[in-house]
Amino acid sequence: MSTYSVANNAYQTAARLARQASTPDELPSGRENVDFGKLVQESVESVVDKGRDMDAKSIGLIEGRTDVVDVVTAIAETEMALETMVTVRDRVISAYEEIMRMPI
């Protein structure tokens, strides 16, 4: 998986989340208070759920209940989700470090 595709997926995910958080029907001002902690928690839970799904499909393959294609797809989805989470984490750390370098 290339760095470009991981970064592109992270960008698309962030754009989708931003659109969901700023629909005009939520508040009269057109803005909603977005809880960053909740957003991060939901994203991490999503990655964990994908990992659990991959584990269940891998065990199903060993037991002969799951197709190889399903397992490979689950592994690819989990890998992409994890790489996206790591990329977003790296961007957040980079932004924090840049803010800390700003003169007061």
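As the structure is a prediction and not an experimental result, all values here were calculated from the model.

## Let's talk about the confidence of the model for the chain
Any region with low pLDDT has predicted coordinates that should not be read closely. Per-residue confidence for the chain gives a mean pLDDT of 80; residues scoring 70 or more make up 69%. Looking across the chain, the model is least confident in helix 1 (residues 3-21), with a mean pLDDT of 60, and most confident in helix 3 (residues 68-101), with 92.

## With respect to the environment of Ser-43
Mapping Ser-43 onto the fold places it in helix 2 (residues 36-63). Residue classification places Ser-43 among the partly exposed positions, given a relative accessible area of 33%. Taking the C-alpha atoms as reference points, Ser-43 and Met-85, 42 residues apart in sequence, are found 7.8 Å from one another.

## Things to note about the packing of helix 2 against helix 3
Between helix 2 and helix 3, the shortest axis-to-axis distance is 9 Å and the interhelical angle comes to 155°. Looking at the two axes, helix 2 sits roughly antiparallel to helix 3. Judged by the sense of rotation from one axis to the other, the crossing of helix 2 with helix 3 is left-handed. When helix 2 is examined against helix 3, the residues Val-44, Val-47, Lys-50, Gly-51, Asp-53, Met-54, Lys-57, Ser-58 and Leu-61 are found in contact with a partner set consisting of Val-68, Asp-70, Val-71, Ala-74, Ile-75, Glu-77, Thr-78, Ala-81, Leu-82 and Met-85.

## Regarding helix 3
Between its first and last C-alpha atoms helix 3 spans 49 Å; for 34 residues at 1.5 Å apiece the expected length is 50 Å, and the two agree. What helix 3 keeps buried is the set Val-71, Ala-74, Thr-78, Met-80, Ala-81, Thr-84 and Thr-87.

Reading the values: the criteria
Residues numbered from 1 in each chain as written. Predicted model: local features only at pLDDT ≥ 70, side-chain atom pairs only at ≥ 80, totals over all residues. Heavy atoms only, no water. pLDDT = per-residue confidence, 0-100. Helix = DSSP H or I, 4+ residues; strand = E, 2+ residues; numbered from the N terminus. Buried < 20%, exposed > 50% of the residue type's maximum accessible area, 1.4 Å probe, protein only. Axes fitted to C-alpha atoms, helices over the stretch in contact; angles between N-to-C directions. Parallel < 35°, antiparallel > 145°, perpendicular 65-115°, else oblique. Left-handed = near helix turned anticlockwise from the far one by under 90°. Contact = heavy atoms within 4.5 Å. Expected span 1.5 Å × (residues − 1).

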